[in-house]
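# Report on the structure
So the chains spell out like this:
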Amino acid sequence: MSIPERKAPRNQTAAAVMHFFESARFASALTLTIVGTAFATHALTRTVGWAGLIGILSALVVLAVASFLARWESIEWHGLLPISLLVFVGWCALSVFWSDYQWTTVASVLYQVAFAFLGVYIALVRDTIQIVRSVGDVLRVLLGVSLALEVLSGLLIDLPIRFLGILGDLDSGGPIQGIFGTRNQLGLVSLIALVTFLVEWRTRSVLRIVAIPSVAGAALCLLLTRSPVSIASLVIVGVATLALYLLRRAPAEHRRYWQLGLLGAAFVVAVVTVLARTRIVSLLNAGSEFEVRYELWMRMTDTAALNPLEGWGWAGLWRRNVPPFVGIDFSTGRSHATGLNGFLDVYLQLGLVGLLLFLVLVLLAFGRSWLLASNKRSAVYVWPALVLVGLLVTSLGESSILVDAGWLLLVVCTVKAAQGMSWRLRYAAGR
């Protein structure tokens, strides 16, 4: 009888640890920390350095693994990890074999996989409304901090906060950057925040006294960025919101025809946009910014043509001391952290094969999310669809969708869409 008595405290301790890691409170706190880290990577690297960020990310991965192990039996794994996501990440990993900067590719793939794993964790252990609340809580804090620092820099001390990239131009009406490094990145974060806060308000997840100031603050940040990319994205997200509103109110038997009509209209608008791009750039007062991007994109296209099928190797964020990135910077006379276009960045780094896989990934995720948003009664299903619209449109002028918060949200939305519309789940159910 003595042996079981000696083992009892150890068993109780193990049970307590398992209960802690599988608890809803732990999952909620870990989700908040993951989302906050993803959106604050610029501020973290400027304060604690890349070593500090990698340390934080490694700790989050370990905690997520522990939570997964504690919840293993309660998670339905079959059909939940989209093949399109696995294949794209696999191609990124395979690029290490032909990369001219192999150690950079190894590090970049591990960084990408870490955020992908954390995104999968969030999608599997949290409901969509819980994810919306977590993103909303994080962005309320980060946008509030950004506005406070902009007021301090631009109005109170009238000096830039250089280590965070804040220029202190609030006294002249912007542009502002907040703690996100660039005005375009702040614009994307503000746009995602605006969508998130409106969904919170619509689903009554927060009180009106919280929702209204949150929406107003996100809109103010977006306007103060004075970013043509963000303003154009806001317009398209607004159109998508109106389209979803009309679709959700349409009779179910007519919805398919409305979807086809919207698809045709979107194609026509895309063609007109391409043909009238010069006029649109002029209206957005983005001439000089577009010229910089256009020159960069031409150099990227020329460089990618040297390795058209497989690309140069995955890097995510550009490493400015290795080719071909150093050569592109030299030819443009500017230093770039990304290719300022998510699709061209993928083409440069992963070739036509990688670009095709990426297109399959994002189009499947968007198509599934859009259909769920159109047909499901709850307004919370609108959030993944509109977030993906914002990410994809912004990807025409930024590469945010490939790294950090953009990549995390893409993974979360992809897995959530697969949960709702997975052909493998339907096949398994029909067997």
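The shown structure was predicted, so the numbers you read here are calculated from the model rather than taken from an experiment. (Residues numbered from 1 in each chain as written. Predicted model: local features only at pLDDT ≥ 70, side-chain atom pairs only at ≥ 80, totals over all residues. Heavy atoms only, no water.)

## Describing the overall build of the protein
- When helices and strands are tallied, the protein shows 18 helices and zero strands.
- Excluding contacts between residues fewer than 6 apart, the proportion of contacts in the protein whose partners are at least 24 apart in sequence is 75%.
- Split by element, the accessible area of the protein, about 21200 Å² in all, is 67% carbon and sulfur. (Helix = DSSP H or I, 4+ residues; strand = E, 2+ residues; numbered from the N terminus. Contact = heavy atoms within 4.5 Å. Areas by Shrake-Rupley, 256 points an atom, 1.4 Å probe, with all protein chains shown as cover.)

## Things to note about the packing of aromatic side chains
- In this structure the tally under the stated criterion is 15 aromatic pairs.
- Ring geometry for Trp50 against Tyr111: centres 5.8 Å apart, planes inclined by 70°, an arrangement best described as edge-to-face. Here Trp50, found in helix α4 (residues 49-71), pairs with Tyr111, found in helix α6 (residues 102-125); they are 61 residues apart in sequence, far enough to count as distant.
- The exposure class assigned to Tyr111 is buried, which follows from its relative accessible area of 13%.
- Through a chain of ring-to-ring contacts, three or more aromatic side chains come together here, namely Phe88, Trp314, Phe343, Phe358 and Trp407. (Phe/Tyr/Trp six-rings, centres within 6.5 Å; stacked < 30°, edge-to-face > 60°. Buried < 20%, exposed > 50% of the residue type's maximum accessible area, 1.4 Å probe, protein only.)

## A closer look at the nonpolar core
- Of all hydrophobic cores here, the largest spans 118 residues; its most connected members are Phe88, Tyr121, Leu139, Leu143, Phe358, Trp383 and Trp407.
- Looking at this core, the element that brings in the most residues is helix α15 (residues 342-375), giving 13 residues.
- Ignoring sequence-local partners within four residues, the contact set of Leu143 consists of Phe180, Leu186, Val189, Ser190, Ala193, Phe197, Ala218 and Cys221. (Core = buried A, V, L, I, M, F, W, Y, C linked by side-chain atoms within 4.5 Å.)

## Some details on helix α17 (residues 404-420)
- With 17 residues, α17 ought to run about 24 Å at 1.5 Å a step, and its terminal C-alpha atoms sit 25 Å apart, in line with that.
- Where burial is concerned, most of α17 is hidden: 15 out of the 17 residues are buried. (Expected span 1.5 Å × (residues − 1).)

## Topic: the packing of helix α5 (residues 83-94) against α15
- Contact pair α5 / α15: the axes reach a minimum separation of 9 Å and the direction vectors enclose 170°. Taken together, the axis directions place α5 and α15 in an arrangement best described as roughly antiparallel. Where α5 abuts α15, its residues Ser84, Leu85, Val87, Phe88, Trp91 and Cys92 lie against Val346, Leu350, Val353, Gly354, Leu357, Phe358, Val360, Leu361 and Leu364.
- Residue composition of the contact of α5 with α15, grouped by class: 13 nonpolar, two polar and no charged. (Axes fitted to C-alpha atoms, helices over the stretch in contact; angles between N-to-C directions. Parallel < 35°, antiparallel > 145°, perpendicular 65-115°, else oblique. Nonpolar A, V, L, I, M, F, W, Y, C, P; charged D, E, K, R; others polar.)

## Re the environment of Asp404
- Along the chain, the position of Asp404 falls in helix α17.
- With a relative accessible area of 11%, Asp404 lands in the buried category.
- Asp404 sits 292 residues away from Gln112 along the chain, and the two C-alpha atoms are 8.0 Å apart.
- Residues in contact with Asp404, not counting those within four places in the same chain, are Ala38, Thr41, Tyr111 and Phe115.

## Quick notes on the pattern of salt bridges
- All told, the structure shown has six salt bridges when counted by the stated rule.
- For Glu200, the salt bridge goes to Arg140, with nearest N and O atoms at 3.0 Å. Linking Glu200 in helix α8 (residues 183-202) with Arg140 in helix α7 (residues 128-156), this pair joins segments that are 60 residues apart in sequence.
- On the basis of relative accessibility, which here comes to 0%, the residue Glu200 falls in the buried class.
- Residues Arg299 and Asp302 are paired through a salt bridge, measuring 3.3 Å at the closest nitrogen-oxygen approach. Here Asp302 and Arg299 lie together in helix α13 (residues 287-304), a separation of three residues that amounts to about one turn.
- On the basis of relative accessible area, Asp302 is assigned to the partly exposed category, the value being 45%. (Salt bridge = Lys/Arg side-chain N within 4 Å of Asp/Glu carboxyl O.)

## Focus: the packing of α15 against α17
- It is at 9 Å that the axes of α15 and α17 come closest, and there the two elements cross at 55°. The angle between the axes of α15 and α17 places the two elements in the oblique class. Where α15 crosses over α17, the two elements pack in a sense that is left-handed. Two secondary-structure elements touch here, α15 through Phe358, Leu361, Val362, Ala365, Arg368, Ser369 and Leu372 and α17 through Trp407, Leu410, Cys413, Thr414, Lys416, Ala417, Ala418 and Gly420. (Left-handed = near helix turned anticlockwise from the far one by under 90°.)

## Some details on the environment of Val215
- For Val215, the location among the structural elements is in helix α9 (residues 208-225).
- C-alpha of Val215 to C-alpha of Thr196: the two residues are 19 residues apart in sequence and 8.9 Å apart in space.
- Apart from the residues lying within four places of it in its own chain, the contact partners of Val215 are Leu194, Phe197, Leu198 and Trp201.

## A short note on the side chain of Asp329
- Here Asp329 shows up in helix α14 (residues 325-332).
- Of the side chains with opposite charge, Arg320 lies nearest to the buried Asp329, which makes no salt bridge, at 5.0 Å. (Lys, Arg positive; Asp, Glu negative; His and termini not counted.)

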